[in-house]
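# Geometric and topological summary
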Amino acid sequence: MRITTRHFIKTSGLFAAALLLAACGKKEPPPPAPAAAAPAPAAAPAPPPAKVYVVGTDAAYAPFESQNEKGEIVGFTIDVVNAAAAKAGIQVKFVNTPWEGIFNALGQGDRDMIASSVTITDERKQTMDFTNPYFDAVQLIAVKENSKLAKFADLKKAKVGVQTGTTGDEAVTKLLGKTSTNIKRFESTPLALKELEAGGVDAVVADNGVVIHYVANNPGGKFKMVSDKEFVPEQYGFAVKKGNAELLGKMNEGIAGIKADGSYNTIFKKHFGVEPAAPMAAAAPAPAASK
Ligand code: ARG
């Protein structure tokens, strides 16, 4: 027999109805309708739209947070936040926010969270709360290929570029002194590195991941990198307003979740080409050994 679609729908529909009837047949009769006296609960109001947490990021920090050709905010930090948020069942949206003023925006409630390769420091902990760390970093020095600067202490007499208010700025300020006019502060780390290329500064001190990425992508800049054990290990965390235990808890739950299920490792490998356990330097051209 040729089964037409129509026939099939009709018969299968009947079949389904028969199944349904059979199933009902086995059950107790449905309970009587509630007495008219018991008022039916008022129809629940439509649930409020789920909260979307506003995440501030200074998207001039590849490969952690940057803007692609389409203007979308992308990078390692972004992938980690999205994965952790999904794991914790919360919604986030990123807003490009200049580094200077990024913590004020958090304090004022214009941003719910800062995800911007922010190093967890004791000083910052006074004014904001941090999630558990999501990345290990350290400062790295960029100089020109022909530079004689071979260790951090050599920068004492040099012109040094940093991004204002970063841990790199702090380290250099400590070495050169608060009032030093040899420290050139820039709005972004790429701007500081451009100035190094142009010869306006002798060195730049910034987070290793960003320096490595910039040097690899600007071979014409003729840079080399100098590492130094003097720099203390740093860890990135997501910052929330002091006391925002709800968001902090969700993010920590999310971070733990993506570490446990392997998705953190997948994200790490996608951006750095190595497993998290391997030191970052393994992915980079060997830094010049200090002589
Ligand atoms: N890790 C450094 C710090 O916390 C620099 C972070 C800069 N991030 C950025 N997206 N510009 O100070």
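Predicted, not measured: the structure shown is a model, and the values here were computed from it.

Criteria and cut-off values
Residues numbered from 1 in each chain as written. Predicted model: local features only at pLDDT ≥ 70, side-chain atom pairs only at ≥ 80, totals over all residues. Heavy atoms only, no water. Helix = DSSP H or I, 4+ residues; strand = E, 2+ residues; numbered from the N terminus. Buried < 20%, exposed > 50% of the residue type's maximum accessible area, 1.4 Å probe, protein only. Salt bridge = Lys/Arg side-chain N within 4 Å of Asp/Glu carboxyl O. Near = heavy atom within 4 Å. Polar contact = N/O pair within 3.5 Å; in protein donor to acceptor, adjacent residues only side chain to side chain. Areas by Shrake-Rupley, 256 points an atom, 1.4 Å probe, with all protein chains shown as cover. Nonpolar A, V, L, I, M, F, W, Y, C, P; charged D, E, K, R; others polar. Phe/Tyr/Trp six-rings, centres within 6.5 Å; stacked < 30°, edge-to-face > 60°. Lys NZ or Arg CZ within 6 Å of the ring centre and 35° of its normal.

Position of Pro98 among the secondary structure elements: in the loop between β5 (91-96) and α3 (102-107). Given a relative accessible area of 55%, Pro98 falls into the exposed group. It is 8.5 Å that separates the C-alpha atoms of Pro98 and Ser188, two residues lying 90 residues apart in sequence.

On to the pattern of salt bridges, then. Applying the stated criterion to the full structure yields eight salt bridges. Asp129 serves as the salt-bridge partner of Lys242, at 2.9 Å between the closest nitrogen and oxygen. Here Lys242, found in the loop between β14 (234-241) and α8 (245-260), pairs with Asp129, found in strand β7 (residues 128-130); they are 113 residues apart in sequence, far enough to count as distant. Given a relative accessible area of 45%, Lys242 falls into the partly exposed group.

Looking now at the site of the ligand. Neighbouring the ligand are 14 residues, the closest being Asp58, Ser117, Thr119, Arg124 and Asp207. Residue Asp58 places a side-chain N or O atom 2.8 Å away from a nitrogen atom belonging to the ligand. At 2.9 Å from a nitrogen atom of the ligand is found a side-chain nitrogen or oxygen belonging to Glu65. Contact with the protein chains covers 100% of the free accessible surface of the ligand, which is 350 Å². In terms of residue count, the dominant contributor to the shell around the ligand is strand β6 (residues 113-119) (four residues). Partitioning the shell around the ligand into residue classes produces four nonpolar, six polar and four charged.

Here the focus is the side chain of Ser180. Take Ser180: it is sitting in the loop between α5 (167-176) and β11 (183-186). In terms of polar contacts, Ser180 uses its side chain to reach the backbone amide nitrogen of Asn182, at 3.0 Å.

Now for the packing of aromatic side chains. To describe a pair of aromatic rings, one takes the distance between the centres and the angle between the planes. Scanning all chains against the criterion turns up 20 aromatic pairs. Taking the centre distance of 5.3 Å and the plane angle of 35° together, the rings of Phe135 and Phe272 count as tilted. With Phe135 in strand β8 (residues 135-137) and Phe272 in helix α9 (residues 263-272), the pair connects residues that are 137 residues apart, well separated along the chain. By relative accessible area, Phe272 is classed as buried at 11%. Lying over the aromatic face of Phe223, Lys144 brings its terminal NZ or CZ to 5.8 Å of the ring centre. Above the ring of Tyr264, the side-chain terminus of Lys259 is found at 5.1 Å from the ring centroid.

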